[in-house]
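Structural overview for review
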Amino acid sequence: MTELYDGPVIDPHHHLWDLSLQRHPWLQKAQASGEEMVFGSLAPILRDYGIDDYRADAARQNVVATVHVEAGWSVAYPLEESRWLDGLDRSSGVARRYIARVPLDGSDAMRLLEAEAENPNVVGIRDILSWHPDAAKSFALRPNRMGDPAWRAGLAHATRLGLVFDLMLYPWQMSEALELVRAFPETLFVLNHGGSPADRTEDGMALWRRGLRALGSEPNLRLKISDLVAYDNKWTLESLRPVIEHCLDCFGPARAMFASDFPVAGLHASFDEVYQVFRAVASRLSYDEQRALFFATANDTYRLGIADPAEIRRGCHV
């Protein structure tokens, strides 16, 4: 029987915010209007979410470090989110590294990328590409940005600066993303949220499975298995299992990582429920494969530089 993973966990995808700063337009809009967005009401997360809140949610999962992913900070105030994070008490390991927001096709993209890259805590960039014909479900203002020469020039500069690119899109954009990933072999891409299987119809899931299979063949792409409950609000272990197993089949543990996407995933599950599902599905794997999913892939991808206790133990026996 496989030994269940009991080692340290790195959470490579979560968010923090202070609503009093009024820097998150999507949250401010939900506060003002009470409208439902993308996958339901945001009411439960319309509150400050700081390091202590995250630590309380994650307290039982042995999280030793995290990666903070840009949380929709207003593009009218560039660079501020990273500086705000720098000012927090991050001694617990929460927000040890950051994925910053820079619109790659913006007129000031090159300067902003260089400024973010100067911060040793910034290891990557996210510029969300998820476009939906229904504006209420769209995160991007326009489609086809991946083929825009100006956007690609920004991506090329981010790559020259050594930054990872977090790739968030919908399955119907995966063929476009495949061409992008192949066109930028020197860029390390990380696909967010398991490729966002939002269309749960038979055809929609088939499109997601095919697209993820094709993307999984590209060596410069890694996968975050995160917030699957956003696309399956009535989830059970058995409804999430085949989705996670397809992710693992396409990418393998060495190029995949489990992540919480808290507090957003908290709209549909507790932190412990999310990780209980991960642990249950991963239990069929070897201990080393589980360590990759919970710790090692994220540690390597985002350059966290945390000593792996398993490697230290192994070295003692050499």
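Structural data are supplied above this passage.
This write-up is about the structure you can find in this document. All figures in this text were calculated on a predicted structure; none of them were measured in a lab.

Criteria and cut-off values
- Residues numbered from 1 in each chain as written.
- Predicted model: local features only at pLDDT ≥ 70, side-chain atom pairs only at ≥ 80, totals over all residues.
- Heavy atoms only, no water.
- Helix = DSSP H or I, 4+ residues; strand = E, 2+ residues; numbered from the N terminus.
- Contact = heavy atoms within 4.5 Å.
- Salt bridge = Lys/Arg side-chain N within 4 Å of Asp/Glu carboxyl O.
- Buried < 20%, exposed > 50% of the residue type's maximum accessible area, 1.4 Å probe, protein only.
- Polar contact = N/O pair within 3.5 Å; in protein donor to acceptor, adjacent residues only side chain to side chain.
- 1 Å grid on protein atoms, 1.4 Å probe; cavity = no way out; pocket = protein on both sides within 12 Å on 5 of 7 lines; lining within 4 Å.
- Points joined across faces, edges and corners; volume = space filled by probe spheres on them.
- Nonpolar A, V, L, I, M, F, W, Y, C, P; charged D, E, K, R; others polar.
- Pairing = 2+ DSSP bridges.
- Axes fitted to C-alpha atoms, helices over the stretch in contact; angles between N-to-C directions.

Right, let's get into the side chain of His24. Following the sequence through the fold, His24 ends up in the loop between β1 (9-14) and α1 (25-33). Once residues lying within four places of it in the same chain are set aside, the contact partners of His24 are Leu16, Trp17, Ala71, Gly72, Trp73 and Glu81.

Turning our attention to the pattern of salt bridges. The tally for this structure, following the rule as stated, stands at 18 salt bridges. Glu179 is the salt-bridge partner of Arg152, the closest N and O atoms lying 2.5 Å from each other. Pair noted here: Arg152 is in helix α5 (residues 149-160) and Glu179 is in helix α6 (residues 174-183), with a separation of 27 residues, a long-range link. With relative accessibility at 42%, the residue Glu179 sits in the partly exposed group. Within this structure, Asp105, Asp127, Arg142, Arg145 and Asp148 form a network of salt bridges that share partners.

A few words now on the environment of Asp86. Mapped onto the elements of the fold, Asp86 is located in helix α3 (residues 80-86). Judged by its relative accessible area of 33%, Asp86 is partly exposed. For the pair Asp86 and Arg97, spaced 11 residues apart in sequence, the C-alpha separation works out to 9.9 Å. In contact with Asp86, other than residues within four places in its own chain, are Tyr98, Asn119 and Asn121. A distance of 3.0 Å separates a polar atom in the side chain of Asp86 from a polar atom in the side chain of Asn121.

Moving on to empty space enclosed by the protein. Inspection of the entire model under this criterion finds 3 cavities of 30 Å³ or more. Size it by volume and the largest cavity reaches roughly 110 Å³. Lining the largest cavity are 13 residues, and of these Ser74, Tyr77, Pro78, Leu79 and Arg101 sit closest to its centre. Those elements that place two or more of their residues in the lining of the largest cavity are α3, β3 (97-101) and α4 (109-117). For the lining of the largest cavity, the per-class residue count stands at 8 nonpolar, 1 polar and 4 charged. Estimates place the volume of the second largest cavity at around 90 Å³. When residues of the lining of the second largest cavity are traced back to their parent elements, those giving at least two are α8 (237-251) and α9 (271-282). Element by element, the count of residues in the lining of the second largest cavity is highest for α9, at 4 residues. Looking at the lining of the second largest cavity, its residues break down into 10 nonpolar, 1 polar and 2 charged.

This paragraph deals with the sheet that holds β1. With parallel pairing, 8 strands are arranged side by side in an open sheet as β1-β2-β3-β4-β5-β6-β7-β8. The open sheet has two free edges, formed respectively by β1 and β8 (256-259), since each of these has just one partner strand. Strand-to-strand twist of the sheet, defined as the mean angle between neighbouring strand axes without regard to direction, takes the value 25°. Summarising the sheet, strand β2 (residues 63-69) and β3 pair through 3 bridges and their orientation is parallel.

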